[in-house]
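Residue-level listing of the chains:
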Amino acid sequence: MKPQDHHRRFTRGQLAAATGINGETIRYYEKIGLLPPPPRSDGGHRVYGAEHQRLLRFIRRARELGFSLDEIRQMLSLSGDQGYNCAEVATIAERHLQATLSRIEDLQKIAAVLGGLLHQCQSAPQDDAPGCGIIDALFSD
């Protein structure tokens, strides 16, 4: 963050544009306590600051890596002013990695089954006969 950005103030729309996070998503993050509520202007409008921008960038990057909102909340709580232990963050990341690898394994199995079904379908005679092996397989027990 540039030094002059430290004192920058944003409307929700400006913050959304600066972080690439939809304004409604920003509102949701405030509602669930992931993002602290911003102070309000004399006119009652929310005024976001550089810290909101920094937190939203962290959240966006963590979401891009597939971290859940609860995992992000845990990491943010560990990154507070009291300092944090990298081992605690690593534990969260390790659990997330293992879950990701498990999902990849499941997706590879799904891809293999779908590939087999498509191969059967594509190698079947292409006449006007009714029926479809993929539909039949999905209906089977």
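Note that the structure is a prediction, hence the values are computed from the model and not measured. Here, residues in each chain are numbered from 1, in the same order as that chain's written sequence. Selection of residues for local features in this predicted model requires a pLDDT of at least 70, selection of side-chain atom pairs for listing and counting requires 80 or more, and totals for whole chains, interfaces and linings are taken over all residues. Side-chain measures here rest on the full set of heavy atoms in the structure, leaving out hydrogens and waters.

A. View of the overall build of the chain. Under the DSSP-based scheme used, a helix requires at least four consecutive residues in state H or I and a strand at least two consecutive residues in state E, with every element numbered from the N terminus. Across its full length, the chain holds 6 helices and 0 strands. Buried, partly exposed and exposed residues are distinguished by accessible area as a fraction of the type maximum, computed with a 1.4 Å probe on protein chains only: under 20%, between the cut-offs, and over 50%, respectively. Counting across all 141 residues of the chain, residues that qualify as buried make up 23%. The contact rule is simple, with two residues in contact once any of their heavy atoms fall within 4.5 Å. By sequence separation, contacts in the chain at least 24 residues apart represent 48% of the contacts at least 6 residues apart. Using the Shrake-Rupley algorithm and a 1.4 Å probe, accessible areas are obtained, with residue cover drawn only from the displayed protein chains. Approximately 10200 Å² of the chain is accessible, and the part contributed by carbon and sulfur atoms is 56%.

B. Representation of the packing of helix α4 (residues 69-78) against helix α5 (residues 86-123) within the structure. Relative to each other, α4 and α5 sit at 165 degrees, their axes nearing to 10 Å. Classed by the angle they form, the pair α4 and α5 counts as roughly antiparallel. Along this stretch, α4 crosses α5, giving a crossing that reads as left-handed. Facing α4, whose interface residues are E71, Q74, M75 and L78, α5 presents E88, V89, I92, R95 and H96. Note that Gly is not counted as nonpolar here; it falls among the polar residues with everything else outside the nonpolar set of Ala, Val, Leu, Ile, Met, Phe, Trp, Tyr, Cys and Pro and the charged set of Asp, Glu, Lys and Arg. Class assignment for the residues of the contact of α4 with α5 results in 4 nonpolar, 2 polar and 3 charged. Fitting a line to C-alpha atoms yields each axis, with helices limited to the stretch in contact; the angle taken between N-to-C directions then spans 0 to 180 degrees. Each angle is binned into one of four classes, with values under 35 degrees roughly parallel, values over 145 roughly antiparallel, values of 65 to 115 roughly perpendicular, and all other values oblique. In this scheme the handedness of a crossing depends on how the near helix is turned from the far one: anticlockwise by less than a right angle means left-handed, clockwise means right-handed.

C. Fine view of the nonpolar core. Counting residues in each nonpolar core, the largest one holds 20 residues, and the members touching the most others are I26, Y29, L34, L56, I59 and I72. Looking at this core element by element, the count peaks at 5 residues for α4. Throughout, nonpolar core names a set of buried Ala, Val, Leu, Ile, Met, Phe, Trp, Tyr and Cys residues whose side chains join them through atoms within 4.5 Å.

D. The arrangement of helix α3 (residues 50-64) in detail. For α3, spanning 15 residues, the distance from its first C-alpha to its last is 21 Å, which sits close to the expected 21 Å at 1.5 Å a residue. Here α3 has its buried residues at A50, H52, Q53, L55, L56, I59 and A62. Elements in contact with the buried residues of α3: α1 (12-19), α2 (23-31) and α4. Here, expected helix span is obtained from the residue count minus one, scaled by 1.5 Å.

E. Layout of α2. Within α2 the residues assigned to the buried category are G23, I26, Y29 and E30. Axial view of α2: buried residues confined to an arc of 115 degrees, hence all on one face. More than 90 degrees from the buried face of α2, the exposed residues found are E24 and K31. Its buried side turned inward, α2 meets α1, α3 and α4. The opening residue of α2 is N22, an N-cap whose side-chain oxygen sits 2.6 Å from the backbone nitrogen of E24. Directions from the helix axis toward the C-beta atoms define the arc. Side-chain atoms alone can form a polar contact between residues adjacent in sequence; in general such a contact is a pair of N or O atoms within 3.5 Å, and within protein one must be able to donate a hydrogen while the other accepts it.

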